[in-house]
Amino acid sequence: MSSLLPPDKDGGNRLSVLEGDTSSGEECRTYVFRKENHTLGNCLRTMLLKNPQVQFAGYTIPHPSEDVMHLRIQTVEGYPAQSALRKAFVDLKTHASQLKTKFVTAVDNFEKEES
Amino acid sequence: MEFSSASVNKLSLKEFEVVNTSSYDFTGHAPGVAGNKVDPNQYKINIIKQEDLFLEFDLIGCEPSIANALRRLILSDVPTMAIEKVHIYQNTSVMQDEVLAHRLGLIPLKVDPRKFKYKEKGAPDEGTEEDTLEYSLKVKCKNKQGAGPEADSYIDDKIYTKHIQWIPKGNQEVDIGEAGPVEDDILINKLRPGHEMAMKMFAVKGQGRDHAKFSPVATVFYRLLPTINLVKDVYDQDAIRLQKCFSPGVMELEPTKNGRKKAVIIDPRDDACNRNVYRYPELADCVELGKVKDHFIFNVESTGALPPTDLVPMALDILIEKCDTFLKEIDMTNT
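Predicted, not measured: the structure shown is a model, and the values here were computed from it.

To continue, consider the overall build of chain A. Check the secondary structure of chain A and you find two helices and four strands. Relative to its length of 115 residues, chain A is extended, with a C-alpha radius of gyration of 18 Å against a globular reference of 13 Å. Viewed in the frame of its principal axes, chain A has a C-alpha envelope of about 65 × 35 × 25 Å. Of the contacts made within chain A by residues no fewer than 6 positions apart, 52% connect residues no fewer than 24 positions apart. Here chain A has roughly 5,800 Å² of accessible surface; of this, 52% comes from carbon and sulfur atoms. If you average the places of the 14 positive and of the 15 negative side-chain charges in chain A, the two averages end up 3 Å apart.

Below, the structure is given as structure tokens:
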């Protein structure tokens, strides 16, 4: 089964850091996502806000004509923003997998009840 | 900001405002299981109705951003096959070439897109058996032999999707089986005697975010579960009026011991939440209307390429794949 997502034709990274942020330490970062929108942005923001070590999390789409999303993370001292981002992705993946298993079991149960 | 006395979980629908919508999404507040563990029983999914191409299911315990992401993914990221390039050899009909090609693109095809790869940019139109499906449409309208100029004296004057023929490439006949349009009776064009259409169509895999023809659903939407709370007892004429304020089936009149009729809530699920009660000031303070903030009633209607019970897991797979892509990039920059 091939990948459900289309291959990235432009090459390069989908994720990068906004310039000028690295000087204020590891705890503040603005991440720039190419080809992402509210679908991923709002989910990541929710996952980040559940993390008690995150002090600020917000996302924005600077202009609707460009397919770019910015995600700003500020964390407590000693906890790098990148770890918060990584944890948010891992948590989102866990939630999505749980939803998928719950849905597939629910469909199986429904079909068994029908027959 | 007014907080509902009932519970943190419920929105309150007042006459001129909706209250308690905030879901506490600011930092420092972590509802539910905080910290590192994800609660395995957080979500509950109940399938309510599943018929053909329709699916109605309940998603309980979910954050609004994830429910919305699921909706957006099904709409714009789950791929489908649709006709993209049309080579028109002959078109003497009244419909212009580009209008005809546009209509052909919108025809839903009954193919599983997971068996195909995305076509590369700049690849030839004909493509390979792994990324393209080829169709042919060849019709000519004629007069029926020995008939007068009545309406039904033409042969092939209405062109339907059943006139489209699939031309399998390579091993496609064995691997895929059937690859025609979902419905046979979609009207494409109307001809008169002498008109002819001859064209070859090439279908590729695409996503809804590129063009709406690639969206696998007619639509997918969700709403929140309504709640109705009767604060005061309502009888007789007032009860009949109260019952009419809600959608049918939500409220019924039950006879009491004194011979009066009392209004009773049966099932608030079907309520359209039109807040009609507030038009009658004497009934307005008898009920409290609200919605449960984490109970989403999803409705998925597929166009026919994939069954709706396949679309939801595919959308979640896409979300997981996106997470994996970014996790890989983060880990690569670290090492």
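What follows continues from the structure just given.
Residue and element names in this part refer to chain B. Across the interface, helix α1 (residues 64-76) lies against helix α6 (residues 308-334) with an axial gap of 9 Å and an inter-helix angle of 105°. When the axes of α1 and α6 are compared, the pair comes out roughly perpendicular. Facing α1, whose interface residues are Leu 70, Leu 73 and Ile 74, α6 presents Leu 311, Val 312, Ala 315, Leu 316, Ile 318, Leu 319 and Lys 322.

Another aspect to go through is the interface of chain B and chain A. If you look at the interface, chain B gives 58 residues, while chain A gives 54 residues. Note on chain B versus chain A: buried area summed over both sides is about 5,300 Å², and carbon and sulfur give 64% of it. On inspection of chain B and its partner chain A, the count reaches five salt bridges. Between chain B and chain A we count 12 residue pairs in polar contact (both at pLDDT 80 or more) in total. Within the residue set of the side of chain B that touches chain A, elements represented by two or more residues are β3 (44-51), β4 (54-60), α1 and α6 of chain B.

Here we take up the side chain of His 70 of chain A. All names here are of chain A. Along the chain, His 70 turns up in strand β4 (residues 68-75). Among the residues examined, His 70 registers a relative accessible area of 18% and is labelled buried. Non-local contacts of His 70, meaning those with residues more than four positions away in its chain, are made with Leu 18, Thr 30, Tyr 31, Val 32, Gly 58, Tyr 59, Thr 60 and Pro 62.

Glancing now at a negative patch on the surface. A cluster of acidic residues, Asp 108, Glu 111, Glu 113 and Glu 114 of chain A, forms a negative patch at the surface. Judged by relative accessible area, which is 58%, Glu 114 of chain A ranks as exposed.

Conventions and cut-offs
- Residues numbered from 1 in each chain as written.
- Chains lettered and ligands numbered in written order.
- Predicted model: local features only at pLDDT ≥ 70, side-chain atom pairs only at ≥ 80, totals over all residues.
- Heavy atoms only, no water.
- Helix = DSSP H or I, 4+ residues; strand = E, 2+ residues; numbered from the N terminus.
- Rg over C-alpha atoms; globule rule 2.2 N^0.38 Å.
- Contact = heavy atoms within 4.5 Å.
- Areas by Shrake-Rupley, 256 points an atom, 1.4 Å probe, with all protein chains shown as cover.
- Lys, Arg positive; Asp, Glu negative; His and termini not counted.
- Charge placed at Lys NZ, Arg CZ, Asp CG, Glu CD.
- Axes fitted to C-alpha atoms, helices over the stretch in contact; angles between N-to-C directions.
- Parallel < 35°, antiparallel > 145°, perpendicular 65-115°, else oblique.
- Buried area = accessible area lost by both parts, 1.4 Å probe.
- Salt bridge = Lys/Arg side-chain N within 4 Å of Asp/Glu carboxyl O.
- Polar contact = N/O pair within 3.5 Å; in protein donor to acceptor, adjacent residues only side chain to side chain.
- Buried < 20%, exposed > 50% of the residue type's maximum accessible area, 1.4 Å probe, protein only.
- Patch = residues over 30% accessible without salt bridge, like charges linked within 9 Å, V, L, I, M, F, W, Y side chains within 5 Å.

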